[in-house]
Amino acid sequence: EESLLGEEKSTDRASLYINRNVSFENDSFFSGSMFFQPSIKDFNEDYKYSISLSYNIPVSENFLIKFKISESFDNDPPDLAEKSDQSFSTSFNYSF
């Protein structure tokens, strides 16, 4: 890969992905996922992860409200990038 400043870097990574969904009696459900990618050669100093958690509330058969929080982290980010990024979103989904 090449950075914005023209620096080239090649990194072999291992990958771990975990996902879990939990349904509740009121038809709402919780969803969580985690992705972890350490460098094979530099496990302690070069790694990335992302975590996403959401709670979904069905209002009707076609309408759903979703609350989602997520974080992405890169211990060795490319040029000018922050190490971490967090977000919170609320979405209203309607299916036809």
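Residues numbered from 1 in each chain as written. Predicted model: local features only at pLDDT ≥ 70, side-chain atom pairs only at ≥ 80, totals over all residues. Heavy atoms only, no water.

*Asks:* Give me the overall build of the protein chain: which residues, what numbers.
*Replies:* Within the protein chain, the regular secondary structure consists of zero helices and five strands. Secondary structure of the protein chain in N-to-C order comes out as β-β-β-β-β. The globule rule puts the C-alpha radius of gyration for 96 residues at 12 Å, and the 18 Å found for the protein chain is more than 25% above it. Counting only C-alpha atoms and orienting by the principal axes, one finds that the protein chain spans roughly 50 × 25 × 20 Å. Counting only residues that meet the buried cut, the protein chain has 20% of its 96 residues in that class. Restricting the contact set of the protein chain to residue pairs at least 6 apart, pairs at least 24 apart contribute 36%. (Helix = DSSP H or I, 4+ residues; strand = E, 2+ residues; numbered from the N terminus. Rg over C-alpha atoms; globule rule 2.2 N^0.38 Å. Buried < 20%, exposed > 50% of the residue type's maximum accessible area, 1.4 Å probe, protein only. Contact = heavy atoms within 4.5 Å.)

*Asks:* Outline the environment of Asp85, supporting the account with residue identities and numerical values.
*Replies:* Tracing the backbone through its elements, the reader meets Asp85 in strand S5 (residues 84-94). When the C-alpha positions of Asp85 and Phe73 are compared, they lie 6.5 Å apart, and in sequence the two are twelve residues distant. With near-sequence residues (within four places) excluded, Asp85 lies in contact with Ser70, Glu71 and Ser72.

*Asks:* Describe the sheet that holds strand S4 (residues 63-74), naming the residues involved and giving the relevant values.
*Replies:* On the basis of which strands lie adjacent, the open sheet formed by five strands has the order S1-S2-S3-S4-S5 and antiparallel pairing. In the strand order of this sheet, the two ends are held by strand S1 (16-23) and S5, each with one partner. For this sheet, the mean inter-axis angle between neighbouring strands, taken without regard to orientation, is 10°. Note that S4 and S5 share eleven bridges and pair antiparallel. Bridging across to S5, Ile69 finds its partner in Phe88. (Pairing = 2+ DSSP bridges. Axes fitted to C-alpha atoms, helices over the stretch in contact; angles between N-to-C directions.)

*Asks:* Can you tell me about the pattern of salt bridges, naming the residues and giving the values?
*Replies:* Counted under the stated rule, the structure contains two salt bridges. Between Asp46 and Arg13 there is a salt bridge, and its shortest N-O distance comes to 2.9 Å. Taken together, the positions of Asp46 in the loop between strand S2 (29-38) and strand S3 (47-58) and Arg13 in the segment before S1 put the pair 33 residues apart, joining distant regions of the chain. With a relative accessible area of 4%, Asp46 lands in the buried category. The residue Asp74 makes a salt bridge to Lys48 at a minimum N-O spacing of 4.0 Å. Of this pair, Asp74 sits in strand S4 while Lys48 is found in strand S3, placing the two residues 26 residues apart along the sequence. (Salt bridge = Lys/Arg side-chain N within 4 Å of Asp/Glu carboxyl O.)

The values are spatial; any link to function lies outside them.
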